[in-house]
Amino acid sequence: MIDSHAHITEERLLPESARIIAEMPEDGLRAMIEVGCDAATSEQAAALAADNARVFALVGTHPEFAADYGKREQELYASLSVQPKVVGIGEIGLDYFYETPPRDVQKRAFVAQIGLAHELGLPIALHIRDAYGDLLDILRANASCLSNGLLMHCYSGSAEFVRELARFDAYFAFGGAVTFKNAKKQDVIRAVPRDRLLVETDCPYMTPVPFRGKLNEPKYVRYTLAFVADVLGVDFAEAERLTERNTLELFPKMKDFFNGSICL
Ligand SMILES: [Zn+2]
């Protein structure tokens, strides 16, 4: 299994992070991607990846912190991305659930980081909430900058929107929320092309059933993967192979590390 989106340096999980990483082999986790949300957490993610064989990193500014995105962040992410285990730019995007920061500030940071990822030749991981209309506008306007791949992290949109995004060759990651009783995401999961499907935890948030309510950890990606396998009508091992392969296709820098002890 690969957890394609985790935040184990978040303050609640940080005291557990050494244990979480040490237990990855016995938990069946071949890899996890630690995701930055601003300059400080991006540096932390890159450092964690450099120090731990099975950990990879994304660096970027989350829409919530878009007001802080500037030249310093741009230069920092560019320099961190030289590291072999920093595999993409994220999480970036639009979150209109809250009123702040203002939408134009979010859009500016989002577009700037799409451009940065393009310059660096890296894929992007998107956090999008309540902003699918503006997302489409921005993707259309920046279509020439998307050739390195894009991932809809914790995808919560509709099956129709999966088809809209297919023309940008998007990948889709599902998290623990799909296992919630009222989520009814089966048709959305089935709408995603099988070679574009990933799983993630977004830990410490979004803990899947049967641990809903507890702090989430990368190992719980197993329950989301089992749910997805069930929806697709394939066995767990096949869903595991599929999502691992898709993760490596989207983040090709990871491929260099999948030999010997952690081969697929
Ligand atoms: Zn996240």
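Residues numbered from 1 in each chain as written. Predicted model: local features only at pLDDT ≥ 70, side-chain atom pairs only at ≥ 80, totals over all residues. Heavy atoms only, no water.

Enquirer: How do you make sense of the side chain of T247 when you look at a structure like this?
Expert: Secondary-structure assignment places T247 in helix α10 (residues 236-250). Filtering out sequence-adjacent residues up to four positions away, T247 remains in contact with I2, S4, I33, L198 and M254. (Helix = DSSP H or I, 4+ residues; strand = E, 2+ residues; numbered from the N terminus. Contact = heavy atoms within 4.5 Å.)

Enquirer: Just checking my understanding: could you explain the pairing of strand β2 (residues 31-35) for this structure?
Expert: Sheet faces and side chains relate simply in a regular strand, where the side chains alternate between the two faces. Taken across its five residues, β2 has five buried, putting it largely inside the fold. Of the two faces of β2, the one lined by A31, I33 and V35 and the one lined by M32 and E34 are each fully buried. Relative to β2, strand β1 (residues 2-6) runs parallel, the two sharing three bridges. The partner of D3 across the bridge, within β2, is M32. Pairing analysis gives four bridges linking β2 to strand β3 (residues 55-59), with the strands arranged parallel. Bridging from a neighbouring strand, M32 pairs with V55 of β3. Read from β2 through helix α3 (residues 39-51) to β3, the crossover connection turns out right-handed. (Buried < 20%, exposed > 50% of the residue type's maximum accessible area, 1.4 Å probe, protein only. Pairing = 2+ DSSP bridges. Right-handed = clockwise from strand over helix to strand, strands pointing away.)

Enquirer: Sorry, what's going on with the nonpolar core here?
Expert: One broad rule of soluble globular proteins: the nonpolar side chains tend to lie buried together. Counting 73 residues, the largest nonpolar core has L135, M152, Y155 and L165 as its most contacted members. With residues up to four places along the chain from it excluded, the contact list for L135 reads L94, F110, L126, I128, M152, F161 and L165. Counting residues in hydrophobic clusters, the runner-up holds 17 residues, among them I33, A125, L151 and Y171. (Core = buried A, V, L, I, M, F, W, Y, C linked by side-chain atoms within 4.5 Å.)

These figures come from the coordinates and say nothing about function on their own.
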